[in-house]
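Given next are the chains, with one letter for each unit.
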Amino acid sequence: MEENTFEPDLVHAIFKLVWSSRALERQMIEGTDALDCEVGAGTSKKNRPTSANGNAVKLSCELLRNFVIEAVQRAATIAEAEGVSKIEATHLERVLPQLLLDF
Amino acid sequence: MEREEEDSVSELLRDRFRVSTISIAEAEAKRNDMEISGPVMTCIADLAFKFTEQLAKDLELFAQHAGRKTANMEDVILSAHRNEHLAALLRSFSNDLKAREPQSERKRKKSSKKEDQATTSVVHIPDS
């Protein structure tokens, strides 16, 4: 079970995509001023996207892994209570509100 | 054009993310002696992807609030602070990570920083 986790590179890539698009948005809001000049030292320093260190990304992977595992396990409990051996959408629906509150 | 490129990158990431989620979900269902239907796994994958995007926004805000440009493990733990069990679990995992490689951390930080800068310049060039 330990080897089955998200790849840190993948999660990091998703983070970077979100951060860089938000940095672009910030630049837009700041006005045409920032758009006119090249990605020079001044603007890039101010609007540089957030980054993450390696361990933080690994820890995020663990958090996401727990999210998926909790979703499956809670749905499995409901399915078991109903006496079926296949997890269906209705089982997930039952556990979804509490799951989203817990994460 | 730039939008399209961004969308295709995000599609690709979403698909890769979906594959990993499905393998985790399937393994977990197997451990519970359960089968799991395809739509449920896709649903969980999409939920987890949205969760990741939200997590990215949270981490950015927490890091900014601390006056940093780099998100660290404390920010990740903070994002789970509403759930005590989850926060405790993450804290113990973070202690494991710290204990495992305290000396190589500096090296990795440097290389990841370089990588970041490379990607940001790639993202910014089409914009100007």
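A brief look at the structure comes next. (Residues numbered from 1 in each chain as written. Chains lettered and ligands numbered in written order. Predicted model: local features only at pLDDT ≥ 70, side-chain atom pairs only at ≥ 80, totals over all residues. Heavy atoms only, no water.)

### Some remarks on the interface of chain B and chain A
If you look at the interface, chain B gives 64 residues, while chain A gives 62 residues. Summing the contributions of chain B and of chain A, the shared interface buries around 6100 Å²; its carbon and sulfur component is 69%. Among the residues of chain B in contact with chain A, B:Ile24, B:Glu60 and B:Lys69 are the three that bury the most area, contributing 11% of the side total. Linking chain B with chain A are three salt bridges, by the criterion used here. Of the charged contacts in the structure, one is a salt bridge between A:Arg22 and B:Glu60, with a shortest N-O distance of 2.6 Å. Linking chain B to chain A there are 15 residue pairs in polar contact (both at pLDDT 80 or more). If you list the elements that add at least two residues to the side of chain B that touches chain A, you get α1 (2-31), β1 (35-36), α2 (38-65), β2 (70-71), α3 (73-79), α4 (84-100) and α5 (105-124) of chain B. Counted by class, the side of chain B that touches chain A contains 30 nonpolar, 17 polar and 17 charged residues. Where strand β1 (residues 51-52) of chain A meets β2(B), two bridges bridge the pair, whose relative direction is parallel. Bridging from a neighbouring strand, A:Ser51 pairs with B:Thr70 of β2(B). (Contact = heavy atoms within 4.5 Å. Buried area = accessible area lost by both parts, 1.4 Å probe. Salt bridge = Lys/Arg side-chain N within 4 Å of Asp/Glu carboxyl O. Polar contact = N/O pair within 3.5 Å; in protein donor to acceptor, adjacent residues only side chain to side chain. Helix = DSSP H or I, 4+ residues; strand = E, 2+ residues; numbered from the N terminus. Nonpolar A, V, L, I, M, F, W, Y, C, P; charged D, E, K, R; others polar. Pairing = 2+ DSSP bridges.)

### Considering the nonpolar core
Membership of the largest hydrophobic core comes to 54 residues, with the highest contact counts inside it found for A:Phe6, A:Val68, A:Ile87 and B:Phe17. Looking at this core, the elements with two or more residues in it are α1 (8-30), α4 (54-82) and α5 (89-102) of chain A together with α1, α2, α3 and α4 of chain B. When residues of this core are assigned to their parent elements, the largest contribution, 15 residues, is made by α4(A). Not counting residues up to four positions away in its chain, the partners in contact with A:Ile87 are A:Val72, A:Ala75, A:Ala76, A:Ala79, B:Met34, B:Glu35, B:Ile36, B:Ser37 and B:Val40. (Core = buried A, V, L, I, M, F, W, Y, C linked by side-chain atoms within 4.5 Å. Buried < 20%, exposed > 50% of the residue type's maximum accessible area, 1.4 Å probe, protein only.)

Don't take any of this as a statement about function, it's just geometry.
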